[in-house]
Amino acid sequence: MRQWRSLAKEAMDRAFIVVKFLCFLHVTDSYLLSPTHVLGPSMLPTLNLTGDVVLAEHLSHRVGKLGPGDVVLVRSPFDPKKTLTKRIVAMEGDKVAFSLDPTRSHSSRSLVVPKGHVWIQGDNLYASNDSRHFGPVPYGLIKGKVLLRVWPPNSIGSLGQ
């Protein structure tokens, strides 16, 4: 009987260690840092068309430490299951001028970014679906700030401005 109790106690101890580890992974991935695979043409030449793995942190947007030039992960306003990778161009209160068609600069508009919103755009204006199409993005849709690229190995490092 003692042998079974000893085995049961050891099994519970190990299961508890696994549960603690999984909780740690969840908290780290959701609230601190997470790797994210990003692909597509909208952030060319900053990010590769075939895909990069970037490390994103999830604290800056919660404490208001984002600004123009930061590359962010944003939940799509049209499809909540999709995550977009874009650059912040303007913050709340900033005036932004934009053109829906970058080949025709004479058809530009301007607006002031409303309170609680940011203006995001892809670096490749010709192939990006961004705030020029869906307007300012609520701050609450920002999931994280991209810190650096971690894959492919020959491109590891900061994304730059």
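These numbers come from a predicted model, not from an experiment.

Engineer: Quick rundown of the overall build of the chain? Include the residues and the values.
Structural biologist: Within the chain, the secondary structure is distributed over two helices and nine strands. When its helices and strands are written in sequence order, the chain yields α-β-β-β-β-β-β-β-α-β-β. Here the chain has a C-alpha radius of gyration of 21 Å; the compact-globule value for 161 residues is 15 Å, and the former is much larger. Principal axes of the C-alpha set define a box for the chain whose edges measure 85 × 40 × 25 Å. Counting over 161 residues, the chain shows a buried share of 35%.

Engineer: Describe the pairing of strand E1 (residues 33-38), naming the residues involved and giving the relevant values.
Structural biologist: A one-sided burial pattern is seen for E1, the buried positions being Ser 34, Thr 36 and Val 38 and the unburied ones Leu 33, Pro 35 and His 37. Pairing analysis gives six bridges linking E1 to strand E2 (residues 52-57), with the strands arranged antiparallel. In the strand pairing of E2, Ser 34 is matched with Ala 56.

Engineer: Describe the sheet that holds strand E7 (residues 117-121), and please don't skip the residues or the numbers.
Structural biologist: The seven strands lie next to each other as E1-E2-E9-E3-E4-E7-E8, forming an open sheet whose pairing is antiparallel. Every other strand in the sheet has two partners, leaving E1 and strand E8 (137-138) as the edge strands with one partner each. Pairing between strand E4 (residues 83-90) and E7: three bridges, direction antiparallel. The residue of E7 that forms the bridge with Arg 87 is Gln 121. Helix H1 (residues 2-32) contacts E1 and E2 of the sheet and is inclined by roughly 65° relative to E1.

Engineer: Break down the environment of Leu 125 for me, citing the residues and quoting the values.
Structural biologist: Its place among the elements puts Leu 125 in the loop between E7 and helix H2 (131-134). Using a relative accessible area of 33% as the deciding quantity, one classes Leu 125 as partly exposed. C-alpha separation for the pair Leu 125 and Ser 110, spaced 15 residues apart in sequence, amounts to 16 Å.

Engineer: Describe the UniProt feature "domain: Peptidase S26" (unreviewed entry) in the chain, naming the residues involved and giving the relevant values.
Structural biologist: UniProt's feature table lists "domain: Peptidase S26" (unreviewed entry) at residues 17-99 and 108-151, given in the numbering used throughout. Secondary structure over residues 17-99 splits into 19% helix and 36% strand, and the C-alpha atoms at its two ends are 55 Å apart. The span residues 108-151 is 9% helix and 50% strand, and its two end C-alpha atoms sit 37 Å from each other.

Engineer: Pulling in residues and values, what's your account of a nonpolar patch on the surface?
Structural biologist: Side chains of Val 27, Tyr 31, Leu 32, Leu 33, Leu 59, Leu 147, Leu 148 and Ile 156 sit close together on the surface and give an oily, nonpolar patch of about 660 Å² of accessible area. For the nonpolar patch, the secondary-structure elements that each account for two or more residues are H1 and strand E9 (142-151). It is H1 that provides the largest number of residues to the nonpolar patch, a total of three residues. Within the element layout of this structure, Leu 59 appears in the loop between E2 and strand E3 (71-75).

Engineer: Please give an account of the side chain of Ser 42 that cites residues and values.
Structural biologist: Secondary-structure assignment places Ser 42 in the loop between E1 and E2. Overall, the relative accessible area of 15% leaves Ser 42 in the buried class.

Engineer: Report on the nonpolar core, specifying residues and quantitative values.
Structural biologist: By size, the foremost hydrophobic cluster in this structure holds 12 residues: Leu 66, Val 72, Val 74, Leu 84, Ile 88, Met 91, Val 118, Ile 120, Phe 134, Val 137, Tyr 139 and Ile 142. Elements that contribute at least two residues to this core include exactly E3, E4 and E7. Non-local contacts of Tyr 139, meaning those with residues more than four positions away in its chain, are made with His 61, Gly 64, Lys 65, Leu 66, Met 91, Gly 116, His 117 and Val 118.

Engineer: Outline the UniProt feature "active site" (unreviewed entry) in the chain, listing residues and values.
Structural biologist: Annotation from UniProt places "active site" (unreviewed entry) at Ser 42 and Lys 86. Sequence-wise these annotated residues cover 45 residues; spatially they are packed, their C-alpha atoms never more than 7.9 Å apart. Apart from residues lying up to four places away in sequence, Ser 42 is in contact with Thr 85, Lys 86, Gly 122, Asp 123, Asn 124, Ala 127 and Ser 128. Looking at Ser 42, its side chain comes within polar contact range of the side chain of Lys 86, at 3.0 Å. Mapped onto the elements, Lys 86 comes out in strand E4.

How each quantity is defined
- Residues numbered from 1 in each chain as written.
- Predicted model: local features only at pLDDT ≥ 70, side-chain atom pairs only at ≥ 80, totals over all residues.
- Heavy atoms only, no water.
- Helix = DSSP H or I, 4+ residues; strand = E, 2+ residues; numbered from the N terminus.
- Rg over C-alpha atoms; globule rule 2.2 N^0.38 Å.
- Buried < 20%, exposed > 50% of the residue type's maximum accessible area, 1.4 Å probe, protein only.
- Pairing = 2+ DSSP bridges.
- Contact = heavy atoms within 4.5 Å.
- Axes fitted to C-alpha atoms, helices over the stretch in contact; angles between N-to-C directions.
- UniProt positions renumbered as here; feature names shortened; annotations may be inferred.
- Patch = residues over 30% accessible without salt bridge, like charges linked within 9 Å, V, L, I, M, F, W, Y side chains within 5 Å.
- Areas by Shrake-Rupley, 256 points an atom, 1.4 Å probe, with all protein chains shown as cover.
- Salt bridge = Lys/Arg side-chain N within 4 Å of Asp/Glu carboxyl O.
- Core = buried A, V, L, I, M, F, W, Y, C linked by side-chain atoms within 4.5 Å.
- Polar contact = N/O pair within 3.5 Å; in protein donor to acceptor, adjacent residues only side chain to side chain.

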